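A structural walkthrough
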Amino acid sequence: MIRTLIAGCVLAAPLWAAQHEGIAPLGSEGLEVARRQAIADALENAALFNGATVKSYSQQSQQRSSDNTQIRGTPAQDYTVVREWTTQSGFLHVIIDVQPPAAAEAKNATVTPTAATAAVAPAVTATAQCGGGDYKRKLLLAHMWVQHPAQTRDLDRLPEGIQLDLMRKLFDSGGFLPQKALSEAAFDLQPQFADPLLQPERVRELARRYAVQFVVGGIVRDTSTSGERYAASYGNDLREGERKLELNIPLVNFTQLGLKATPAERRFEFELFVFDGVSGALVNRHRLAGKASGQVMQDRATSMATEGFKETAYGQLIEQKMQEAARRITQDIACIPFSARITRVEKNRVYFDAGTTSKVGVGDSLQVYRVAPGGLPLAAASFEPSMSLGLPEEIVGSLNVTQVQPLFSVGILQGSGVQAGDYVRFVGRGGQK
């Protein structure tokens, strides 16, 4: 199909004309493959005619070309093949009758962002603005290190709480499919060194085993307290870090009722690391720090990542920093193309591990590539092994998505030599049609 519209240009309101034509070449794959491609082309024409948008990008490398296409807008639902025929020039033509979707009005409804998602939503929009499509990215939150464990004795399960809170925020943003690894870190933090030892190969291994595109790690640098404030105390209601004030007066028992001194302020300093899972390279790192005043010691009744903890002064500080962390992560990877891993190849049918939950749709065309066999990591200018720039890769071809399920999709391959373990990618930067 020859596209005549510009990416991002929305056509008039849906008209749902009944019949649309699709064309596909009759290649060596046979009539059935050509028929599926022609029907997909006709459905694409129907969607474009009724107000959809298309983003397309072509790339050629070493005499191989790849195409990337993503269609978003009013979808076609039920259809019937009315007629098909072949031409002497080697093309199959189909005419389909498309039925209008029952939920078209619901698709056009305005969604008001909630307070929980408003902080991340602007950064999520940046992904589409970079031309990478609006796909959801798979991301792993690795174990979070605590540099000074003695400072966190009152903070029950601080690393797990940070992971859980950040995972919720990334999921609610609508741009990610996050998961967490409780005991596996993306790097090592050694006591004799302030800076962690980055390990790109470990990052790549985590990404392979958890089937994610990005890996995020972190270090809690500081949770120290300062100052004192005083409050009434009864019995032994002392938390970690508090002390009770007693008067030494004969015959008077002040052990039950008295005053206690509790820290008045507390710092929270967190360092965030964002890695590309395919290459293991460090994408960016951020320092997020602040100070809270008031109730800064954790009560056993208000555990980390609970609503009760968020009502405390220190819980609100951590909540703000996790929102900032979610924004930083989204901004860091906004312009990195979406990719997913190929899990099975059956002749020209390719299965990969991203489906409707990742916003993959029928008709999307994706680039197929692999990390160059035997390719060594590209060294940084400093030649520091932990700061490698990534791995060389090669384009294998492209595929057209013909079937989508919640967690995987199936596409028809245009190319040869594709293997399980290769990747599919949507590249929409530059050259958009």
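These notes cover the structure that comes with them. (Residues numbered from 1 in each chain as written. Predicted model: local features only at pLDDT ≥ 70, side-chain atom pairs only at ≥ 80, totals over all residues. Heavy atoms only, no water.)

With that settled, the discussion passes to the overall build of the protein chain. Each helix and strand counted, the protein chain has eight helices and 22 strands in total. Buried residues in the protein chain amount to 47% of all 433 residues. Partitioning the intrachain contacts of the protein chain with sequence separation of at least 6 by distance along the chain shows that 72% fall at a separation of at least 24. In the structure as shown, the protein chain presents an accessible area of about 21300 Å², 53% of it carried by carbon and sulfur atoms. (Helix = DSSP H or I, 4+ residues; strand = E, 2+ residues; numbered from the N terminus. Buried < 20%, exposed > 50% of the residue type's maximum accessible area, 1.4 Å probe, protein only. Contact = heavy atoms within 4.5 Å. Areas by Shrake-Rupley, 256 points an atom, 1.4 Å probe, with all protein chains shown as cover.)

Moving on, we get to the nonpolar core. Formed by 32 residues in total, the largest nonpolar core has its most connected members in Ile-162, Phe-268, Phe-270, Tyr-314 and Ile-329. Elements with a contribution of two residues or more to this core: strand E6 (137-146), helix H5 (158-172), strand E10 (214-222), strand E15 (265-276), strand E16 (282-293) and helix H8 (313-333). Per-element accounting of this core gives the leading share, eight residues, to H8. Ignoring any residue separated from it by four or fewer positions in sequence, one finds Phe-268 in contact with Ile-162, Val-220, Asp-222, Thr-223, Leu-288, Ala-289, Gly-290, Tyr-314, Leu-317, Ile-318, Lys-321 and Met-322. (Core = buried A, V, L, I, M, F, W, Y, C linked by side-chain atoms within 4.5 Å.)

For the structure shown, the criterion picks out 25 salt bridges. When the shortest N-O distance is used, the salt bridge between Arg-285 and Asp-195 registers 2.8 Å. Here Arg-285 is found in strand E16, whereas its partner Asp-195 is found in the loop between strand E8 (187-188) and strand E9 (197-198), with 90 residues between them in sequence. Of the charged contacts in the structure, one is a salt bridge between Arg-287 and Glu-269, with a shortest N-O distance of 3.1 Å. With a gap of 18 residues between them, Arg-287 in strand E16 and Glu-269 in strand E15 connect regions that are remote in the sequence. What makes Arg-287 exposed here is its relative accessible area of 53%. By sharing partners, the salt bridges in this structure join Glu-184, Glu-201, Arg-204, Glu-205, Arg-208 and Arg-209 into a single network. (Salt bridge = Lys/Arg side-chain N within 4 Å of Asp/Glu carboxyl O.)

Turning to the pairing of strand E21 (residues 409-415), a few remarks are in order. With respect to burial, E21 is a largely interior element, five of its seven residues being buried. Both strand E18 (residues 349-352) and E21 contribute to a ladder of four bridges, which runs antiparallel. Looking at E21, one finds that Arg-349 is bridged to Ile-412. Of the pairings in the sheet, the one linking strand E20 (residues 393-404) to E21 comprises seven bridges and is antiparallel in character. Along E21, the bridge assignment pairs Ser-398 with Gln-414. Joining the antiparallel neighbours E20 and E21 is a turn of four residues. (Pairing = 2+ DSSP bridges.)

Okay, the sheet that holds strand E1 (residues 19-25) next. With respect to topology, three strands assemble into an open sheet ordered E1-E5-E4, the strand pairing being antiparallel. Two strands in the sheet have a free side with no partner beyond their single neighbour: E1 and strand E4 (79-86). Sheet twist, expressed as the average angle between the axes of neighbouring strands with direction ignored, equals 25°. Pairing geometry for E4 and strand E5 (residues 91-98), over seven bridges, is antiparallel. The residue bridging Val-81 from the neighbouring strand is Ile-96, located in E5. This element, helix H1 (residues 31-49), spans E1, E4 and E5 of the sheet and lies at about 140° to E1. (Axes fitted to C-alpha atoms, helices over the stretch in contact; angles between N-to-C directions.)

Attention now moves to unusual backbone geometry. Although it is not a glycine, Arg-157 sits at a positive phi angle of roughly 55°. Taking the relative accessible area as the measure of exposure, Arg-157 reaches 62% and is therefore exposed. Backbone geometry at Lys-347 places phi at a positive 55°, although glycine is not the residue there. Within the fold, Lys-347 resides in the loop between strand E17 (338-346) and E18. Exposure remark for Lys-347: the relative accessible area of 82% places this residue in the exposed category.

Moving on: the packing of H5 against H8. Interaxial distance between H5 and H8 falls to 9 Å at its minimum, and their mutual angle equals 55°. Classified by the interaxial angle, the pair formed by H5 and H8 is oblique. As for the relative orientation of H5 and H8, their crossing is right-handed in sense. The residues of H8 that touch H5, namely those facing Ile-162, Asp-165, Leu-166, Lys-169 and Leu-170, are Glu-319, Met-322, Gln-323, Ala-325, Ala-326 and Ile-329. Residue composition of the contact of H5 with H8, grouped by class: seven nonpolar, one polar and three charged. (Parallel < 35°, antiparallel > 145°, perpendicular 65-115°, else oblique. Left-handed = near helix turned anticlockwise from the far one by under 90°. Nonpolar A, V, L, I, M, F, W, Y, C, P; charged D, E, K, R; others polar.)

Right, let's talk about H5 for a bit. Relative to the 21 Å expected for 15 residues at 1.5 Å per residue, H5 spans 21 Å between its end C-alpha atoms, a close match to the ideal helical length. Within the span of H5, buried status applies to Leu-158, Pro-159, Gly-161, Ile-162, Gln-163, Asp-165, Leu-166, Met-167, Lys-169 and Leu-170. Of the surrounding secondary structure, the elements contacted by the buried residues of H5 are E6, strand E7 (176-180), E10, E15, helix H7 (307-310) and H8. One or two positions beyond H5, positive phi appears at Gly-174, with a value near 85°. (Expected span 1.5 Å × (residues − 1).)

Another aspect to go through is the packing of aromatic side chains. Under the definition given, this model contains nine aromatic pairs. Its guanidinium or amino end placed over the ring of Trp-85, Arg-83 lies 4.1 Å from that ring's centre, counting from NZ or CZ. Here Arg-425 stacks its cationic end above the ring of Tyr-369, 3.7 Å away from the centre of that ring. (Phe/Tyr/Trp six-rings, centres within 6.5 Å; stacked < 30°, edge-to-face > 60°. Lys NZ or Arg CZ within 6 Å of the ring centre and 35° of its normal.)

Right, let's talk about the pairing of E1 for a bit. By the alternation rule, side chains of E1 split into His-20, Gly-22 and Ala-24, which are all buried, and Gln-19, Glu-21, Ile-23 and Pro-25, of which none is buried. Relative to E5, E1 runs antiparallel, the two sharing seven bridges. Bridging from a neighbouring strand, Gly-22 pairs with Val-94 of E5.

Moving on, we get to the side chain of Gln-298. Relative to the assigned elements, Gln-298 resides in the loop between E16 and H7. In terms of polar contacts, Gln-298 uses its side chain to reach the backbone amide nitrogen of Asp-156, at 2.7 Å. (Polar contact = N/O pair within 3.5 Å; in protein donor to acceptor, adjacent residues only side chain to side chain.)

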